[in-house]
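A closer look at the structure
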Amino acid sequence: MRTILTIETTCDETAAAVLDRDRNVLASQVASQQEVHERYQGVVPELAARAHLERIVPIVAGTIADSGIDPARDLAAVAVAIEPGLPGSLLVGLSAAKALCVAWNKPLVAINHVQAHIYACQFGRKETIFPCVGFVVSGGHTNLYHCHSANRWQYLGGTIDDAVGEAFDKVAVMLGLPYPGGPHISRLAKSGNAKAYNLPRPMVSDHSTLNLSFSGLKTAVRYHLVGTGKQDFQSLVLSDQQRADMAASFQQAAVDCVVAKAQLAMQRTGLRRMCVGGGVAANESLRMSLQNLADRKKFELLISPLELCTDNAVMGAIAWEKVDSGDFSPLDIDIQPGLLRGE
Ligand code: KG4
Ligand code: ZN
């Protein structure tokens, strides 16, 4: 009973991993659905669920084969992310996990995808990352938590509208960049002037809240590019320099918003450690700006290893913490798609 199988299907990646107790990765596979969704420039939930259905068996079977384990003999549990995420996508992963638990006679561990993103910071580190402020910055979430322990989380604040990654992806569409746009904006921004466009930093000056907002920033980009009332991005003609300048200006504004609330969260909680995970944590400019903040304010900053920022099953290693505390789930457990605000 030295290993666990972890399954991740919350959005548009189908992933599985086999991990031992020391978080060594015996095998890990991720099937992206980029080619399914790129023509729509965003994730289409129904298509995501159908693609998971096609991929889940080969991904799990391939991961088990790569790991060399005998599941019935070697697995301590099967873990799966049941919240938050797209309902159809979550259902595929949970149904697969339940079936495997029955087939191999193993307990089920239900994990929270957002918490798993933060737990990615535990990799490469022997001492526990808890307690810490956890900041998840992804395509679906931009949330701050006071993480007392692996099993006790307190919501501090988060976006009241778009997630930061969602804003990156939507601005990328306006600039004619492929989906998902975050990495493309980041690349383009390198040759741009971040001061070229004067964009807002919504809610940054409001120190009474740890909530964030990105939809106004996204709309401000739109107004700069095509004006109010018009949405014709196809006929928009921009020079390469203008596109790079907008990418840089937008990225700087988004990073400023995240960094400002990171600073406020550290100040409010009095904690000395921050852990950052999620797809946008791969952004170089954000990583550097958070590090500058940590150096200035003298707190410890852990950012998810680059390869564990975007969705994967390895970060499901948080399941070991539940195994250790006997926190298993009954086989009639359901998915929990929504992230309750204020929870
Ligand atoms: O964590 P993730 O794979 O999925 C969710 O749980 O949402 O995050 C995906 C998001 C996308 O919005 C993508 O554009 C963004 O992460 N992203 C980035 C970068 N790499 C991925 N955003 C900015 N800069 C990057 N380098
Ligand atoms: Zn994610």
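Whatever comes next refers back to the structure up there.
Residues numbered from 1 in each chain as written. Chains lettered and ligands numbered in written order. Predicted model: local features only at pLDDT ≥ 70, side-chain atom pairs only at ≥ 80, totals over all residues. Heavy atoms only, no water.

Thoughts on unusual backbone geometry
Rules: Secondary structure counts use DSSP, requiring at least four H or I residues in a row for a helix and at least two E residues in a row for a strand, with both numbered from the N terminus.
Following Glu-83, the chain continues to Pro-84 via a peptide bond in cis, the omega torsion being -25 degrees. Inspection of the secondary structure assignment puts Pro-84 in the loop between β4 (75-83) and α4 (87-104). Here the residue pair Phe-130 and Pro-131 is connected by a cis peptide bond, since its omega of -5 degrees sits within 30 degrees of zero. Structurally, the position occupied by Pro-131 is in the loop between α5 (113-119) and β6 (132-137). For Arg-23, which is not glycine, the phi dihedral falls at a positive 65 degrees. The backbone of Asn-105 sits at a positive phi, close to 60 degrees, despite the residue not being glycine. Mapped onto the elements, Asn-105 comes out in the loop between α4 and β5 (108-112).

Considerations on the sheet that holds strand β7 (residues 142-149)
Stated precisely, the cut-off is as follows: Two strands pair under a simple rule: DSSP has to find at least two bridges between them. Angles run from 0 to 180 degrees between N-to-C directions of axes, and those axes are lines fitted to C-alpha atoms, restricted for helices to the stretch in contact. Contact definition: two residues touch when any of their heavy atoms are within 4.5 Å.
Read across the sheet, five strands follow the order β8-β7-β6-β9-β10 without closing on themselves; strand pairing throughout is mixed. Pairing within the sheet leaves two strands with one partner each, and these edge strands are β8 (152-158) and β10 (300-303). With direction set aside, neighbouring strand axes in the sheet form an average angle of 25 degrees. With four bridges joining them, strand β9 (residues 273-277) and β10 adopt parallel strand pairing. The residue bridging Val-276 from the neighbouring strand is Ile-303, located in β10. Its contacts with the sheet place helix α9 (residues 240-269) against β6, β7, β8 and β9, and it is angled at close to 160 degrees to β6.

Considerations on the sheet that holds β5
With mixed pairing, the five strands of this open sheet are ordered in space as β3-β2-β1-β4-β5. Looking at which strands have only one partner, the edges of the open sheet turn out to be β3 (25-32) and β5. Across the sheet, the mean angle from the axis of one strand to that of its neighbour is 20 degrees, orientation sign disregarded. Of the pairings in the sheet, the one linking β4 to β5 comprises five bridges and is parallel in character. In the sheet register, Ala-81 faces β5, and the bridge partner there is Ile-111.

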